[in-house]
Amino acid sequence: MSDDLPQEFWQGVEQFNSGQFYACHDTLEALWIEATEPEKSLYQGILQIAVALYHLGNRNLRGAMILLGEGSNRLRRYPASDCAINVEEFFTQSVELLKELQQTDPEKILSVDLGKNAALSLPRISIIKD
């Protein structure tokens, strides 16, 4: 499948990793609408996690947690060996962030500046080299 991933997918990965979460959502949503399984689940999982981080940046903690859960659940069902990204690592990082959000005082989370503070470890998409 990795050879079949369109250039827009890689653009979405780059947007995600550079913190352009809303742009990533837009890029991957266009692919998701037209995709079939298993790519559809991959695109939707990543874009939901991107929107979760966008919500987190806008202090919408509830929305962030809901979408982190939904996106992670989609990635859980994805056959990780079918892709040129490390789906398992991305899934694990997303679940860890969700657990951290659920176990930390909301006031503490809402006071964090995501762009400047390493208090929360945000997921990143790693590319698997051939």
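Quick look at the structure, then. (Residues numbered from 1 in each chain as written. Predicted model: local features only at pLDDT ≥ 70, side-chain atom pairs only at ≥ 80, totals over all residues. Heavy atoms only, no water.)

### Describing the nonpolar core
The test is simple: Joining through side-chain atoms within 4.5 Å is the link that ties buried Ala, Val, Leu, Ile, Met, Phe, Trp, Tyr and Cys residues into a set, and such a set is a nonpolar core. Relative accessibility under 20% of the residue-type maximum defines a buried residue, over 50% an exposed one, and the middle range a partly exposed one, all with a 1.4 Å probe and only protein chains included. Numbering of helices and strands starts at the N terminus; helices are DSSP runs of H or I of at least 4 residues and strands are runs of E of at least 2. Contacts between residues were defined by any pair of non-hydrogen atoms, one from each residue, lying within 4.5 Å.
Ranked by size, the top nonpolar core spans 37 residues in total, and within it Phe9, Phe16, Leu42 and Ile46 carry the most contacts. A per-element tally of this core places helix α3 (residues 39-57) first, with 10 residues. Excluding residues within four positions of it along the chain, Phe9 makes contact with Leu28, Leu31, Leu42, Tyr43, Ile46 and Ile85.

### Let's talk about the packing of α3 against helix α4 (residues 61-76)
The cut-off we apply is this: Working convention: axes come from line fits to C-alpha atoms, limited for helices to the stretch in contact. Angles between N-to-C directions cover 0 to 180 degrees. If an angle is under 35 degrees, it is roughly parallel; if it is over 145, roughly antiparallel; if it lies from 65 to 115, roughly perpendicular; otherwise it is oblique. Whether a crossing is left-handed or right-handed is set by the direction in which the near helix is turned from the far one by less than a right angle, anticlockwise for left-handed and clockwise for right-handed. Each residue gets one of three labels, nonpolar for Ala, Val, Leu, Ile, Met, Phe, Trp, Tyr, Cys and Pro, charged for Asp, Glu, Lys and Arg, and polar for the others, Gly among them.
α4 packs onto α3 with a crossing angle of 160° between their chain directions and a minimal axis gap of 8 Å. One element, α3, and the other, α4, form an angle in the roughly antiparallel class. Here α3 and α4 pass one another in a crossing that is left-handed. Two secondary-structure elements touch here, α3 through Ser41, Leu42, Gln44, Gly45, Ile46, Gln48, Ile49, Val51, Ala52, His55 and Leu56 and α4 through Leu61, Gly63, Ala64, Leu67, Leu68, Glu70, Gly71, Ser72, Arg74 and Leu75. Split into classes, the residues belonging to the contact of α3 with α4 amount to 11 nonpolar, 8 polar and 2 charged.

### Looking at helix α5 (residues 87-103)
Going by this rule: A helix is expected to span 1.5 Å for every residue after the first.
Across its 17 residues, α5 extends 24 Å between first and last C-alpha, which sits within 8% of the 24 Å expected from 1.5 Å per residue. Considering only its buried residues, α5 is in contact with α1 (7-17), α3, α4 and α6 (106-110).

### Focus: the environment of Arg77
Within the secondary structure, Arg77 sits in the loop between α4 and α5. The class for Arg77 is exposed, based on a relative accessible area of 51%. Considering only alpha carbons, one finds Arg77 and Gly45, 32 residues apart in sequence, at a separation of 9.8 Å.

### Here's the deal with the environment of Gly45
Topologically, Gly45 is positioned in helix α3. Owing to a relative accessible area of 0%, Gly45 belongs among the buried residues under this scheme. Apart from residues lying up to four places away in sequence, Gly45 is in contact with Gly71, Arg74 and Leu75.

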